[in-house]
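Fold and contact review
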Amino acid sequence: MSSPCHTSAVLVVFMALAVVGAEQSKERSCDVIGDESSESQMERALLKKLEPLSPMRFNVTVEKGKTENYIYHFRVCREVNSTLHDFGGLVQTDRQNGKTTVIGRINETQVFNGSDWIMLIYKGGDSYGRHCSGEKRRAVIMISCKRGVTASSFSIISEEREKEQECFYLFEMDSSVACPAEDSHLSVGSILLITFASLIAVYIIGGFLYQRLVVGAKGMEQFPHFAFWQDLGNLVADGCDFVCRSKPRNAPATYRGVGDDQLGEESEERDDHLLPM
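Residues numbered from 1 in each chain as written. Predicted model: local features only at pLDDT ≥ 70, side-chain atom pairs only at ≥ 80, totals over all residues. Heavy atoms only, no water.

Under an unreviewed UniProt entry, the name given to the chain is Cation-dependent mannose-6-phosphate receptor, and the source organism is Probosciger aterrimus.

Here it is in C-alpha cells:
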C-alpha cells in the first residue's frame, strides 16, 4: 500500500518543480511604478508599442583612460540576465574586474512620449558609493524616431553624478517604434477623383470590349457610343465658335454701293430733254 502513495508523492513533487521552473523561465516585463490600478492607458499603450524591441539585446563599450572601462547591457522591458532574477534592465560590467552593477530595474519603470520620441526610465538601480549622496542609480533611455529601422545606434550620452540628488545615466537609440503613425486618409476631393476616374476607365474598357466582341465593330466604331460623342464634340465646337468669336461670321462689305436715291435724282435731270416741247 505504501508503494502507490510513494509514487503519487513523487509525481506531485515533480509537478510542483515543473510549475516553479516554468514560472522562473518566463521572462519578466516592465512594471510601471505604482499600483496596477494607477497605470494610465497611455503607459500601457507605450509599453505595448515597445514590445517588438523586447527580444533584442543592446551593448555599448565605454573606455575612459585606464580607470573606466565598462560595457553597458540593455534590454527593453526584459531582464539582461533572467537567471539572476534581479530585474536588471540596464547593467554595467567592469571589464577590468568583471564586477556588474545594475543601473536600472524594469520593476521600477516610467515611460512617456512626445511627437517622435519615447522616454524609458529604469529606476531602483544599485546605490552609488561616493556620489549622489548614495542614492540609487537611474537609467534614462531616449528612443528617437527613425523610420525603416527596428533599432540601431544604442549609445551612452553622459552620466550625471556630480549632483547631490537625481543623478542619472543618459542613453539614446533610434527605432521606428517611436515614430507616429503615418496619416493615410484621403481627402473628399481625392476620393471623388479616384471614383470618377475608375468609372471612366470601366466605361471605356467595358464598352470597347462589348463593341468589339459582341457587336463586331471595327476602327473608331469600337469606341462606346461613338456617334453620340462625335455629335457632342461638334456641338461643343459650335458653341465655342459662337461664344468665343469677336466678330459676326457674315460681315458686311467694306465698300459702299450706289444707292437708288442717287440714281433716281440723276435720271430725272437727264430725262428732261427727252420730253416733247
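This part covers the UniProt feature "transmembrane region" (unreviewed entry) in the chain. Mapped onto this structure's residue numbering, the UniProt feature "transmembrane region" (unreviewed entry) falls at residues 186-210. Summarising residues 186-210: 92% helix, 0% strand, and an end-to-end C-alpha distance of 34 Å. (UniProt positions renumbered as here; feature names shortened; annotations may be inferred. Helix = DSSP H or I, 4+ residues; strand = E, 2+ residues; numbered from the N terminus.)

As a further point, take the pairing of strand 3 (residues 88-94). Within strand 3, 7 of the 7 residues are buried, leaving the element largely enclosed by the surrounding structure. Direction of pairing for strand 2 (residues 68-74) relative to strand 3: antiparallel, over a ladder of 5 bridges. In the strand pairing of strand 3, Ile71 is matched with Thr93. Relative to strand 4 (residues 100-113), strand 3 runs antiparallel, the two being bridged by 5 bridges. Looking at the pairing, Val91 lines up with Val102 of strand 4. Linkage of strand 3 to strand 4, two consecutive antiparallel strands, is achieved through a turn of 5 residues, within which Gly98 is found at a positive phi near 75°. (Buried < 20%, exposed > 50% of the residue type's maximum accessible area, 1.4 Å probe, protein only. Pairing = 2+ DSSP bridges.)

Turning our eyes to something else, we now look at the state of the cysteines. Within the structure shown, the criterion is met by 3 disulfides. Through a disulfide, Cys30 is tied to Cys77; the S-S separation comes to 2.1 Å. What sets the handedness of the Cys30 and Cys77 disulfide is the S-S torsion sign, and at about -100° it is left-handed. With Cys30 in the loop between helix 1 (2-25) and helix 2 (41-49) and Cys77 in the loop between strand 2 and strand 3, this pair connects stretches of sequence that are 47 residues apart. (Disulfide = S-S within 2.5 Å.)

With that settled, the discussion passes to helix 2. Among the residues of helix 2, those classed as buried are Glu43, Leu46 and Leu47. One side of helix 2 holds all its buried residues, which, seen down the axis, span an arc of 100°. Opposite its buried face, helix 2 presents the exposed residues Gln41 and Lys48, each directed more than 90 degrees away. In this structure, the buried residues of helix 2 make contact with strand 4 and strand 5 (117-124). (Arc of directions from axis to C-beta. Contact = heavy atoms within 4.5 Å.)

It is worth spelling out the sheet that holds strand 4 at this point. Sheet architecture is open: 8 strands sit in the order 1-2-3-4-5-6-8-7, paired in mixed fashion. Edge positions in the open sheet fall to strand 1 (58-64) and strand 7 (152-160), since each of these has one partner strand only. When strand polarity is set aside, the average angle formed by the axes of neighbouring strands in this sheet is 25°. Strand direction decides the pairing type here: strand 5 and strand 6 (residues 139-145), joined by 6 bridges, are antiparallel. By the bridge assignment, Ile118 is partnered in strand 6 with Ile143. Its contacts with the sheet put helix 2 on strand 4 and strand 5, and the angle it makes with strand 4 is roughly 120°. (Axes fitted to C-alpha atoms, helices over the stretch in contact; angles between N-to-C directions.)

What follows covers the layout of surface pockets. Estimates place the volume of the largest pocket at around 410 Å³. Listing elements by their share of the lining of the largest pocket, those giving two or more residues are strand 2, strand 3 and strand 4. Here the lining of the largest pocket is composed, by residue class, of 4 nonpolar, 9 polar and 8 charged. (1 Å grid on protein atoms, 1.4 Å probe; cavity = no way out; pocket = protein on both sides within 12 Å on 5 of 7 lines; lining within 4 Å. Points joined across faces, edges and corners; volume = space filled by probe spheres on them. Nonpolar A, V, L, I, M, F, W, Y, C, P; charged D, E, K, R; others polar.)

Moving on to the packing of aromatic side chains. With the rule as written, the count across this model stands at 10 aromatic pairs. The interplanar angle of 85° and the centroid separation of 6.1 Å between the aromatic rings of Phe112 and Trp117 together place this pair among those described as edge-to-face. On the basis of relative accessibility, which here comes to 34%, the residue Phe112 falls in the partly exposed class. An aromatic cluster is built from Phe58, Tyr70, Tyr72, Phe74, Tyr122, Tyr128, Phe154, Tyr169 and Phe171, whose rings are joined through pairwise contacts. Here Arg137 stacks its cationic end above the ring of Tyr128, 4.6 Å away from the centre of that ring. (Phe/Tyr/Trp six-rings, centres within 6.5 Å; stacked < 30°, edge-to-face > 60°. Lys NZ or Arg CZ within 6 Å of the ring centre and 35° of its normal.)

Turning to the pairing of strand 5, a few remarks are in order. When you tally the buried positions in strand 5, you get 6 out of 8 residues, the bulk of the element. For strand 4 and strand 5, the ladder comprises 7 bridges, and the chain directions are antiparallel. The residue of strand 5 that forms the bridge with Gly104 is Gly124. Adjacent in sequence and paired antiparallel, strand 4 and strand 5 are bridged by 3 residues.

If you trace the backbone, Asn107 turns up in strand 4. For the pair formed by Asn107 and Cys77, sequence separation is 30 residues and the distance between their alpha carbons is 8.9 Å. Excluding residues within four positions of it along the chain, Asn107 makes contact with Asp31 and Phe87.

As a further point, take the pattern of salt bridges. Evaluation of the coordinates by the stated rule reveals 8 salt bridges. Residue Arg78 pairs with Glu27 through a salt bridge whose shortest N-O separation is 3.9 Å. Highlighted residues: Arg78 in the loop between strand 2 and strand 3 and Glu27 in the loop between helix 1 and helix 2, separated in sequence by 51 residues. Residue classification places Glu27 among the partly exposed positions, given a relative accessible area of 36%. Between Asp126 and Arg105 there is a salt bridge, with the nearest N and O atoms lying 3.2 Å from each other. Residue Asp126 is located in the loop between strand 5 and strand 6, and its partner Arg105 is located in strand 4; the two are separated by 21 residues in the primary sequence. When its relative accessible area of 17% is taken as the criterion, Arg105 is described as buried. One network of salt bridges, in which partners are shared, links Glu27, Arg75 and Arg78. (Salt bridge = Lys/Arg side-chain N within 4 Å of Asp/Glu carboxyl O.)

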